[in-house]
Amino acid sequence: MACVSPDIVLIRSRLLAWYDAHARSLPWRAAVGAARTEPYRVWLSEVMLQQTTVPHATPYFHAFTTRWPTVSDLAAAEDAEVMGAWAGLGYYARARNLLACARAVAGEHGGVFPDTEAGLLALPGVGAYTAAAVASIAFDRAANVVDGNVERVMARLFAVETPVPAARPELRRLAGLFVTDERPGDWAQALMDLGATVCRPKSPSCGACPVASECLGLASGDPARFPLKTKKADRPHRRGTAYVLVDDQGRIAVETRPDKGLLGGMLGLPTSDWTTDAPSGAAPIDADWCEAGAIEHVFTHFSLTLTVMTARGEADGLWRWMPVEAARAALPTVFAKALDRATVEPDLFS
């Protein structure tokens, strides 16, 4: 039977013991009891893991740390190289912030990350969560590290009836009750691992939970009900046209998108504006354009239908030209989908 109020000390003791036995093996994480992870690797992984999953981020982490082993190596990289390597991770403003932060650490801190939460917060592109995570995991500072996993664990432990996002200040306060100077980095990672592997969003494995006896959500009979969520507004839908132009060498026309705005600084295919109305406007150059179908893509704040138009032609000085496979590897997912749609046309590349 669960107690009236969760026992903070007991939960800490049981969860850290569970973490010692069951911690996930992750490429950016030091083994339990080993020296702390190099701050560059912690910071890079935390930026990559925002809005994506461990399996999706892992190959990118390996690629980045092989190509740029230190923060100073990353700081010295060309923008286009980093943006291309980031393609497929989404939320491309993070790649620009990644470079800005790396250059600040290399240029203003001698290639050494600040070792306090306040110092980390002063870096460009570093928010409250990332600063707390790096301070805690890399430097073993007592910091309140609260991500979606931690919010879910707190909501269930304390059966918080206020829906997210309104509940977030309360969930942060509750998480802060557990933060001490004893193993703060391991505690932060233990909570994350519990949320990722046991206290899962839709099917919590309460029988495997080391703190189930203290969980008010489980005592309620329906732990998966927590955290409560406010119904989201319907995602608006936009439409546009993407143009796949192929030259006589079989190369694709690509452009660098403006630094500001969606997919800023990334490579892209020439496109129309993306609007809620039917696509309008002329093609970027005169050519024998043919429709190759359409692709669907979902961004955080809207969904998109892109009609794909294809043609053969030249446009000296207007765009860059890349081989198909190189373009596919460098383009963000939405444009890679459009390119894949175009390449089913049998005559386009012959």
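Owing to the predicted nature of the structure, the values given are computational and were not obtained by experimental measurement.

The rules behind the values
Residues numbered from 1 in each chain as written. Predicted model: local features only at pLDDT ≥ 70, side-chain atom pairs only at ≥ 80, totals over all residues. Heavy atoms only, no water. Helix = DSSP H or I, 4+ residues; strand = E, 2+ residues; numbered from the N terminus. Contact = heavy atoms within 4.5 Å. Salt bridge = Lys/Arg side-chain N within 4 Å of Asp/Glu carboxyl O. Buried < 20%, exposed > 50% of the residue type's maximum accessible area, 1.4 Å probe, protein only. Domains from an automatic or database assignment. Buried area = accessible area lost by both parts, 1.4 Å probe. Polar contact = N/O pair within 3.5 Å; in protein donor to acceptor, adjacent residues only side chain to side chain. Nonpolar A, V, L, I, M, F, W, Y, C, P; charged D, E, K, R; others polar. Axes fitted to C-alpha atoms, helices over the stretch in contact; angles between N-to-C directions. Parallel < 35°, antiparallel > 145°, perpendicular 65-115°, else oblique. Left-handed = near helix turned anticlockwise from the far one by under 90°. Core = buried A, V, L, I, M, F, W, Y, C linked by side-chain atoms within 4.5 Å.

Engineer: What is the right way to look at the environment of P6 in this model?
Structural biologist: Mapped onto the elements, P6 comes out in the segment before α1 (8–22). Along the primary structure P6 and C209 are separated by 203 residues, whereas in three dimensions their C-alpha atoms are 14 Å apart. In contact with P6, other than residues within four places in its own chain, are I11, L157, F158, E214 and L216.

Engineer: Honestly, the pattern of salt bridges in this entry has me stumped. Any pointers?
Structural biologist: Pairing between side chains of opposite charge can happen when their charged atoms approach one another. One pass over the structure, following the stated rule, counts 14 salt bridges. For E325, the salt bridge goes to R328, with nearest N and O atoms at 2.5 Å. One end of the pair, E325, and the other, R328, are both in helix α13 (residues 324–330), 3 residues apart, so they sit about a helical turn from each other. Classification of E325 by relative accessible area gives exposed; the value is 55%. Judged by its relative accessible area of 22%, R328 falls in the partly exposed class.

Engineer: Help me out: how do you make sense of the domain arrangement of the chain in this one?
Structural biologist: Interface size is often expressed as the accessible area that is lost when the parts come together. Along its sequence, the chain is organised into domain 1 (1–7 + 142–232), domain 2 (37–139) and domain 3 (237–342). Centre-to-centre separation of domain 1 and domain 2, based on C-alpha positions: 27 Å. Listed by partner, the interface residues are 10 residues for domain 1 and 7 residues for domain 2. Summed over both sides, the interface between domain 1 and domain 2 buries roughly 630 Å², with carbon and sulfur atoms accounting for 66% of that surface. On the surface where domain 1 and domain 2 come into contact, there are 0 salt bridges. Our count for the contact surface shared by domain 1 and domain 2 stands at 2 residue pairs in polar contact (both at pLDDT 80 or more). Looking at side-chain class alone, the side of domain 1 that touches domain 2 contains 6 nonpolar, 3 polar and 1 charged residues.

Engineer: Even after reading the chapter, I still don't get the packing of helix α9 (residues 148–157) against helix α11 (residues 184–197), so can you show me in this structure?
Structural biologist: What describes two packed helices is the angle between their axes and the distance between those same axes. Direction vectors running N to C along α9 and α11 enclose 80 degrees, while the axes themselves pass 8 Å from each other. The orientation of α9 with respect to α11, classified from their angle, is roughly perpendicular. Contacts from N149, V150, R152, V153 and M154 of α9 reach α11 at L191, M192, L194, G195 and A196.

Engineer: For this particular structure, what's the right way to read the packing of helix α5 (residues 79–86) against helix α6 (residues 93–108)?
Structural biologist: The interhelical angle for the contact between α5 and α6, taken along N-to-C directions, is 135 degrees, at an axis separation of 9 Å. Taken together, α5 and α6 sit at an angle that is classed as oblique. In this structure, the crossing between α5 and α6 has a hand that is right-handed. Every residue of α6 that contacts α5 at D79, V82, M83 and W86 is listed here: R94, A95, R96, L98, L99 and R103. Grouping the amino acids of the contact of α5 with α6 by side-chain chemistry returns 6 nonpolar, no polar and 4 charged.

Engineer: Looking at this structure, how should I read the nonpolar core?
Structural biologist: Side chains of nonpolar character tend, in soluble globular proteins, to be buried together. Counting residues in each nonpolar core, the largest one holds 106 residues, and the members touching the most others are W43, F64 and M154. Take this core: its biggest share by element is 8 residues, from helix α8 (residues 128–139). Leaving out residues up to four positions away in the same chain, F64 has contacts with Y40, L44, M48, P69, L74, V82, A85, W86 and L98. Y243, L245, W289 and W321 belong to the second-largest nonpolar core, a separate cluster that totals 10 residues.

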